[in-house]
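Secondary and tertiary structure notes
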Amino acid sequence: MRTPIIAGNWKLNKTVPEAVELCRQLEALLDGAVDREVVVCPSFTALSAVQALGLVTVKHGAQNMAAYESGAYTGEVSAAMLRDVGCQYVILGHSERRELFGETDEAVNTKARLALRSDIKPIICVGETLEQRRSGETEDVVLGQLTRDFDGIDVEDAARIVVAYEPIWAIGTGETASGEDANTVISAIRRKLAVLYDADTAASIRIQYGGSVKPNNIREFMEYPDIDGALVGGASLRADDFVGIVQCS
Ligand code: 13P
């Protein structure tokens, strides 16, 4: 049985006091009563303060990490450093990092291996542009990313990875894929994982949908048994919206 996972990607938002306040609110509103895994991903600067809160229900993760273990890489943050501040997850290959910062599948793959070695679970993002969708390339693009991102990762490690299917045209636009469209791609991802690994492993890997998820549309996605939760941007920045998503999921 897969436990659904609702994760908040806070992106470039929240100072340390704001992050602490939001985490406190989430923990109080959720009050331990969830059968979902709930994760927030604040900025690097807030991770230590979030760890110090000792939250029970809400786990935390990072939005990116270095593709190196240590050394002369100015400005980078390693997997061991993330583990040090209590991160259980790290978002890798978000489309904003791919598009704006030139992150390649090769880098995502290297980072995923390093994260797993430090006992941090990667949330690997895949997704197509509007152009690619319009020209019927969605599955080729997404399954290509998936194959390169999982390259050489062994079966035990693969089972610890979460995949987030985020169609780029649905991110921050208020437009969502329909539940049916999201499910079509997510089912294709699961079939591909069965080819890359085996049926049991594919059945154990959680696959989220991401892109303009709100309390009033999360049910549309969760209706499909292959969709195991959501990676939430904008609506994760307000406690009532994020809790609404968790509770409606
Ligand atoms: P929005 O929920 O704001 O569309 O962002 C989705 C996202 O990019 C999560 O990683």
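Residues numbered from 1 in each chain as written. Predicted model: local features only at pLDDT ≥ 70, side-chain atom pairs only at ≥ 80, totals over all residues. Heavy atoms only, no water.

1. Quick word on the side chain of Gln145
When you line up the elements, Gln145 lands in helix H7 (residues 138-149). A distance of 2.9 Å separates a polar atom in the side chain of Gln145 from the backbone nitrogen of Gly127. If we skip the residues at most four places from it in the chain, Gln145 touches Arg98, Asp105, Val126 and Gly127. (Helix = DSSP H or I, 4+ residues; strand = E, 2+ residues; numbered from the N terminus. Polar contact = N/O pair within 3.5 Å; in protein donor to acceptor, adjacent residues only side chain to side chain. Contact = heavy atoms within 4.5 Å.)

2. Quick word on the pairing of strand E1 (residues 5-9)
The element E1 is extensively covered by neighbouring structure, given that five of its five residues are classed as buried. What you see with E1 is no split at all: Ile5, Ala7 and Asn9 on one side and Ile6 and Gly8 on the other are buried throughout. Direction of pairing for E1 relative to strand E2 (residues 37-41): parallel, over a ladder of five bridges. The residue bridging Gly8 from the neighbouring strand is Val40, located in E2. Across four bridges, the pairing between E1 and strand E8 (residues 229-232) is parallel. Bridge pairing in E8 places Gly8 opposite Val232. (Buried < 20%, exposed > 50% of the residue type's maximum accessible area, 1.4 Å probe, protein only. Pairing = 2+ DSSP bridges.)

3. Focus: unusual backbone geometry
At Lys11, a position not held by glycine, the phi torsion is positive, near 50°. Tracing the sequence through the fold places Lys11 in the loop between E1 and helix H1 (16-30).

4. Thoughts on a negative patch on the surface
Together, Glu131, Glu137, Glu139 and Asp140 make up a region of like negative charge exposed at the surface. Among the secondary structure elements, Glu137 is positioned in the loop between helix H6 (130-134) and H7. (Patch = residues over 30% accessible without salt bridge, like charges linked within 9 Å, V, L, I, M, F, W, Y side chains within 5 Å. Areas by Shrake-Rupley, 256 points an atom, 1.4 Å probe, with all protein chains shown as cover. Salt bridge = Lys/Arg side-chain N within 4 Å of Asp/Glu carboxyl O. Lys, Arg positive; Asp, Glu negative; His and termini not counted. Charge placed at Lys NZ, Arg CZ, Asp CG, Glu CD.)

5. Points about the site of the ligand
Around the ligand, a shell composed of 13 residues is seen, among which Lys11, His94, Gly172, Ser212 and Gly234 lie nearest. Lys11 is positioned such that a nitrogen or oxygen atom in its side chain is 2.8 Å from an oxygen atom of the ligand. The fraction of the free accessible surface of the ligand (310 Å²) that becomes covered by protein chains is 96%. In terms of residue class, the shell around the ligand is made up of four nonpolar, seven polar and two charged. (Near = heavy atom within 4 Å. Nonpolar A, V, L, I, M, F, W, Y, C, P; charged D, E, K, R; others polar.)

6. Observations concerning the layout of surface pockets
Volume-wise, the largest pocket comes out at about 400 Å³. What lines the largest pocket is a set of 14 residues, among which Lys11, Leu12, Gln63, Arg97 and Phe101 lie closest to the centre. Residue composition of the lining of the largest pocket, by class: six nonpolar, five polar and three charged. Of the pockets and cavities examined, the second largest pocket occupies roughly 170 Å³. Together, 16 residues line the second largest pocket, and Lys11, Gly172, Ser212, Gly233 and Gly234 are the ones closest to its centre. Residues belonging to the lining of the second largest pocket are distributed by class as follows: five nonpolar, eight polar and three charged. (1 Å grid on protein atoms, 1.4 Å probe; cavity = no way out; pocket = protein on both sides within 12 Å on 5 of 7 lines; lining within 4 Å. Points joined across faces, edges and corners; volume = space filled by probe spheres on them.)

7. Examining the environment of Phe44
With respect to the element layout, Phe44 can be found in helix H2 (residues 44-52). Judged by relative accessible area, which is 36%, Phe44 ranks as partly exposed. The spacing of Phe44 and Met81 is 37 residues in sequence and 10.0 Å in space, taken between C-alpha atoms. In this structure, Phe44 is in contact with Ala62, Asn64, Val77 and Leu82, ignoring residues within four places of it in sequence.

8. Observations concerning the packing of H7 against helix H9 (residues 179-196)
For the pair H7 and H9, the least separation of the axes is 10 Å and the interaxial angle reads 40°. For the element pair H7 / H9, the angle class is oblique. Viewed along their axes, H7 and H9 form a crossing whose handedness is right-handed. Across the interface between the two elements, Thr138, Glu139, Val142, Leu143, Leu146 and Thr147 from H7 touch Thr184, Val185, Ala188, Ile189, Lys192, Leu193 and Leu196 from H9. Of the residues belonging to the contact of H7 with H9, the class tally is eight nonpolar, three polar and two charged. (Axes fitted to C-alpha atoms, helices over the stretch in contact; angles between N-to-C directions. Parallel < 35°, antiparallel > 145°, perpendicular 65-115°, else oblique. Left-handed = near helix turned anticlockwise from the far one by under 90°.)

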